[in-house]
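Inside the fold
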Amino acid sequence: MPARRWIPYAFLAPALLGLVIFRFTPICLSLVGSFFGQSIRGDSIFVGVKNYAELLGDPAFWSAVTTTLIFNLIINPFQVVCALALAMLVRRPARFIDVFRASFLLPMTVSIALTSIIWSIMLDPTLGPVNGFLRWAGLPPQPFFRSADQALTTLILVATWKGAGYWMVFLLAGLLAIPKELDESASIDGANAWQRFFGVTLPLMKRPLAFVLVADTAANFLLFAPVYIVTNGGPNGATQLLMFEAYQAAFAFLNHGRSLAISTIILVIILVIALFELRLFRSEDETVA
Amino acid sequence: MSSLSRRQLLKTGLAGGLALATPHVARAQTTLKVVWMGWPDNQVLPLMAEFEKRNPSIKLAVERMPFTQIFQALEVRLNGRTPDPDIYIVDSPLTASYAARGHLMELDALIDKSRFAPAGIGAASYQGKIYSAPFGSSMQVLYFNRSLFGAAGVEPPSADVAKRWTWEQVVEAGRKLAKPAENLWGFTFEQQERPYQLLPLGQSLGGVALSPDGLKASGFIDGPAFVEGFGFMQKLYTEAKISPPGQFDTALTPELFGSGKCAMLLGGTFIFDTLKSKFPNLDFAVAPHPYFARGKPVTPTGAWHFGVNPRSTQKEAVAQFVRDMLSYDMNVLWFKLRPYVPTLNAVWQKENATFSSDMWKIAQSEMQNTALARPATPGFREYEDILRVTLRDMQSGGNVKDMLTAAAQKIDREIAKYKG
């Protein structure tokens, strides 16, 4: 019946409508807005590619691009490895395994803003309990977020504390979907734990890993709250990520065109990297197809 | 008791519905949306309650925002160019920025200039017209913990402005008082990253913070006086180690001082009462703002004003808010709730018993002799934010001259849009 052909679309329509309203429309508006400037009194003025040209000639922008790429080059693989390690740890049924699974998931329930505040207090160089513990243990106190050398690393660790448990859930689902027989037959054939992991488990985890890596990349490129709340992009630009640069342009420097141009560039970078990651993790059956 | 018939029920429901639907007509009440600073309840709510009591036809929907977020949040709201909020608090040096961008209503018709200190009117004006209502100014004093000074055998500073301490004396005393390993500090600024509090370091050495037209920072904020002044500040954290680094929350530094963890605090007059009430056993006194031995005393000033959104549709009510909040009674109440330096002349004249204390004698003298307002520029929002992050970063080390030059270039880039 011809009417039946429309049924799937009818079911998809609400979600598609949501995507159009809350995703595609803002992206299009952002793209259009990046070609406009603003008069002091708020009137929009068409400026063509001026915002992009100014960005390309601005060392502060390139510094933020470099910091963002370094940050993502480290945090994305690190978070995926941590999430996979956690998923492997809680994969087997054991006593109190649900307690462990829940405890790894707990940071996910804390908002990113609260996470930032909690860790900024914990890692405060002067009053923070972490340095109090280090002093008690006879170790030198650390500056953490207050040092240009340590701030980005500290940010990566805090973001991983919050994110690893979340990504673990997806990888755990992937691990539990792998038939036990495959692992057992490899074991009977004499494969040790490492060989089983690299020869059996990992190839079968390509799809969940690809999803987690792409989603994690997008999330980390858009990371904003800890930088805004804790470091303000400092010290000395050490945590000046592109999202914060876009925020500053819009709300501190009142330059909306520049902000939207940066947002568009972030989107393009995420798209390019996500496509690369998907290609990297493409499974053999997809390649053949 | 007989039950209601269906008709009676319908009538009752209809009457109730009509009553609910017409409360504004019955009470003719206007609600003003007010964005205010996130000061404690007991410093804000009595002021707003008093206004509502004096103006029963106006209700205030007050939204308070923390100091660290209020400027960004206001930017978002104001750039929406809607009538919300009707009234908002204005940091006085931002008056020009808001006025230039059409976010403040001209208030000349509502404010009698002769009632206010000229400095207050100056800070409220842009291009010769008043755009924000002067609701107080500010002055900084050096709070010191008498017990800690006594225990360390250090002679405390005098309250006499003629005998004010130099920064060199502050460092010397701070070294004797600080024990960083025990989290005991010698000195801290109340606002460790804010140009408001730190600009006088360079100004005391003769520096000028921005070009006279307010549109160029290079050659001014990165000049030798500021390099030396801010370099001195950096050494408080990196070499002398008498100041606790990273305490950017302005609520934390008075806590450090109040809890006896810091011997000296350079802070506003407005925290005096809070220290007294929150730390009743704290034995402290005040002294004048320090200066450099080879420079001159300079103190920061300016404070919170409030302004009217020109897009507000409640013109009568906002005018009444401005008039009433600037009345003598409301100014005295505000002063008692949070003791900013009054800008209304009558408060100084009629409340002279209050101003006989050491702190107010110092404040009065500083207002007349050493107070210097922050630079007047429509780009103050950008200027302050870029400089704030740079001052914050300096605590962690780095070449002060290079950092200031980079900041000055960034400021120039951002405030260029106000030229012409």
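Rules used throughout
- Residues numbered from 1 in each chain as written.
- Chains lettered and ligands numbered in written order.
- Predicted model: local features only at pLDDT ≥ 70, side-chain atom pairs only at ≥ 80, totals over all residues.
- Heavy atoms only, no water.
- Helix = DSSP H or I, 4+ residues; strand = E, 2+ residues; numbered from the N terminus.
- Rg over C-alpha atoms; globule rule 2.2 N^0.38 Å.
- Buried < 20%, exposed > 50% of the residue type's maximum accessible area, 1.4 Å probe, protein only.
- Contact = heavy atoms within 4.5 Å.
- Pairing = 2+ DSSP bridges.
- Axes fitted to C-alpha atoms, helices over the stretch in contact; angles between N-to-C directions.
- Core = buried A, V, L, I, M, F, W, Y, C linked by side-chain atoms within 4.5 Å.
- Salt bridge = Lys/Arg side-chain N within 4 Å of Asp/Glu carboxyl O.
- pLDDT = per-residue confidence, 0-100.
- Right-handed = clockwise from strand over helix to strand, strands pointing away.
- Polar contact = N/O pair within 3.5 Å; in protein donor to acceptor, adjacent residues only side chain to side chain.
- Parallel < 35°, antiparallel > 145°, perpendicular 65-115°, else oblique.
- Nonpolar A, V, L, I, M, F, W, Y, C, P; charged D, E, K, R; others polar.
- Buried area = accessible area lost by both parts, 1.4 Å probe.
- Phe/Tyr/Trp six-rings, centres within 6.5 Å; stacked < 30°, edge-to-face > 60°.
- Lys NZ or Arg CZ within 6 Å of the ring centre and 35° of its normal.

**What about the overall build of chain B?**
The helix and strand inventory of chain B stands at 18 helices and 13 strands. The C-alpha atoms of chain B give 24 Å as radius of gyration, which agrees with the globular expectation for 420 residues (22 Å, within 12%). Dimensions of chain B, computed from C-alpha atoms along their principal axes, come out at roughly 85 × 55 × 40 Å. Residue burial in chain B is summarised as follows: out of 420 residues, 57% are buried. In chain B, of all internal contacts separated by at least 6 residues, the share reaching a separation of at least 24 is 76%.

**Digging into the sheet that holds strand β3 (residues 87-91) of chain B**
Strand pairing within a sheet occurs via backbone hydrogen bonds; the two strands may be parallel or antiparallel. All names here are of chain B. Ordered in space as β2-β1-β3-β12-β6, the five strands form an open sheet in which the pairing is mixed. Of all strands in the sheet, those bounded by a partner on one side alone are β2 (58-65) and β6 (133-134). Relative to β3, strand β1 (residues 30-37) runs parallel, the two sharing two bridges. Across the sheet, residue Val35 finds its bridge partner in β3, namely Tyr88. Sheet strands in contact with helix α13 (residues 315-325) are β1, β2, β3 and β12 (304-308), and its direction is about 50 degrees off that of β1.

**Thoughts on the nonpolar core**
General note: in soluble globular proteins, nonpolar side chains tend to be found buried as a group. Of all hydrophobic cores here, the largest spans 130 residues; its most connected members are Trp36 and Phe230 of chain B. Once residues within four sequence positions are removed from consideration, Phe230 of chain B is found in contact with Leu198, Leu199, Leu201, Ile221, Leu391, Met394, Val400 and Leu404 of chain B.

**A few points about the pattern of salt bridges**
Residue and element names in this part refer to chain B. Under the definition given, this model contains 28 salt bridges over all chains. With a shortest N-O distance of 2.3 Å, Glu228 and Arg294 are connected by a salt bridge. Of this pair, Glu228 sits in helix α10 (residues 224-238) while Arg294 is found in the loop between β10 (284-287) and β11 (299-300), placing the two residues 66 residues apart along the sequence. The class for Glu228 is partly exposed, based on a relative accessible area of 36%. Taking the shortest distance from any N to any O, the salt bridge between Lys417 and Glu414 comes out at 3.8 Å. A relative accessible area of 32% places Lys417 in the partly exposed class. A relative accessible area of 3% places Glu414 in the buried class.

**Thoughts on the confidence of the model for chain B**
Residues and elements named next belong to chain B. Considering every residue of chain B, the mean pLDDT works out to 89; 93% of them sit at 70 or more. Across residues 18-27 the pLDDT falls below 50, and counting only partners more than four positions away or on other chains, this stretch makes two contacts in the model. The complex model carries a pTM of 0.80, and its ipTM stands at 0.74.

**Points about the sheet that holds strand β8 (residues 185-189) of chain B**
Residues and elements named next belong to chain B. Reading across from one edge, β8-β9-β7-β10 is the order of the four strands in this open sheet, with mixed pairing throughout. Two strands bound the open sheet, and with one partner strand each, they are β8 and β10. Across the sheet, the mean angle separating the axes of adjacent strands is 20 degrees when strand polarity is ignored. Bridge count for strand β7 (residues 140-145) against strand β9 (residues 262-268) is five bridges, and the pairing is antiparallel. Bridge pairing in β9 links Gln140 to Gly268. Strands β8 and β9 of the sheet are contacted by helix α8 (residues 167-177), whose axis makes an angle of about 145 degrees with β9. Where helix α16 (residues 358-369) meets the sheet, it contacts β7 and β10, and its direction lies at approximately 20 degrees from that of β10.

**So, the pairing of β2 of chain B**
Residues and elements named next belong to chain B. Where β1 lies against β2, eight bridges are found, and the strand directions are parallel. Directly across from Lys33, in β2, lies its bridge partner Ala61. With helix α3 (residues 41-54) bridging β1 and the parallel β2, this β-α-β connection has right-handed handedness.

**A short note on the side chain of Gln72 of chain B**
One can find Gln72 of chain B in helix α4 (residues 70-79). Its relative accessible area of 11% is what places Gln72 of chain B among the buried residues. A polar side-chain atom of Gln72 of chain B sits 3.4 Å from a polar atom in the side chain of Tyr247 of chain A. Beyond its immediate chain neighbours, meaning those up to four positions away, Gln72 of chain B contacts Tyr228 and Tyr247 of chain A together with Arg381 of chain B.

**With respect to the packing of helix α9 (residues 193-204) of chain A against helix α10 (residues 206-221) of chain A**
Residue and element names in this part refer to chain A. Axis separation between α9 and α10 bottoms out at 5 Å; the angle between their running directions is 60 degrees. For the element pair α9 / α10, the angle class is oblique. Taken together, the residues of α10 that come into contact with α9 (itself represented by Leu202, Pro203 and Leu204) are Lys206, Pro208 and Leu209. For the contact of α9 with α10, the residue count by class is five nonpolar, no polar and one charged.

**Examining the interface of chain A and chain B**
Each partner contributes to the interface: chain A provides 27 residues, whereas chain B provides 37 residues. Note on chain A versus chain B: buried area summed over both sides is about 2600 Å², and carbon and sulfur give 49% of it. Among the residues of chain A in contact with chain B, Ile40, Arg146 and Phe253 of chain A are the three that bury the most area, contributing 26% of the side total. The shortest N-O distance in the salt bridge between Arg413 of chain B and Asp58 of chain A comes to 2.7 Å. If one sorts the elements of the side of chain A that touches chain B by residue count, helix α12 (residues 242-252) of chain A sits on top with four residues. Within the side of chain A that touches chain B, the residues separate by chemical class into eleven nonpolar, ten polar and six charged.

**What to know about the environment of Val227 of chain A**
Residues and elements named next belong to chain A. By the secondary structure assignment, Val227 is in helix α11 (residues 225-231). Look at Val227 and you get buried, because its relative accessible area is 1%. Remark: the alpha-carbon pair of Val227 and Ser116, spanning 111 residues in sequence, is separated by 8.5 Å. If we skip the residues at most four places from it in the chain, Val227 touches Leu155, Asn232, Gly233, Thr239, Leu241 and Phe244.

**A look at the side chain of Ser243 of chain B**
All names here are of chain B. When you line up the elements, Ser243 lands in the loop between α10 and α11 (252-258). Within polar-contact distance, the side chain of Ser243 engages the backbone oxygen of Phe187 at 2.7 Å. In contact with Ser243, other than residues within four places in its own chain, are Trp185, Phe187, Thr188, Leu236 and Tyr237.

**Here's the deal with the packing of aromatic side chains**
All names here are of chain B. In the structure shown here, the tally under the stated rule is 55 aromatic pairs over all chains. When the ring of Phe135 is compared with that of Phe306, the centres are 5.3 Å apart and the planes differ by 80 degrees; the resulting orientation is edge-to-face. Highlighted residues: Phe135 in the loop between β6 and β7 and Phe306 in strand β12, separated in sequence by 171 residues. Here the two residues Phe135 and Phe306 agree in accessibility, since each one is buried. Consider the rings of Phe135 and Trp334, whose centres lie 5.4 Å apart with planes at 5 degrees: the pair is stacked. Residue Phe135 is located in the loop between β6 and β7, and its partner Trp334 is located in helix α14 (residues 328-337); the two are separated by 199 residues in the primary sequence. On the accessibility criterion, Phe135 (3% relative accessible area) is buried. Among the aromatic side chains, those forming a connected cluster through ring pairs are Trp36, Trp39, Phe51, Phe67, Phe71, Phe135, Phe270, Trp304, Phe306, Phe321, Trp334 and Tyr340. Against the face of Phe67 rests Arg194, its NZ or CZ located 4.4 Å from the ring centre.

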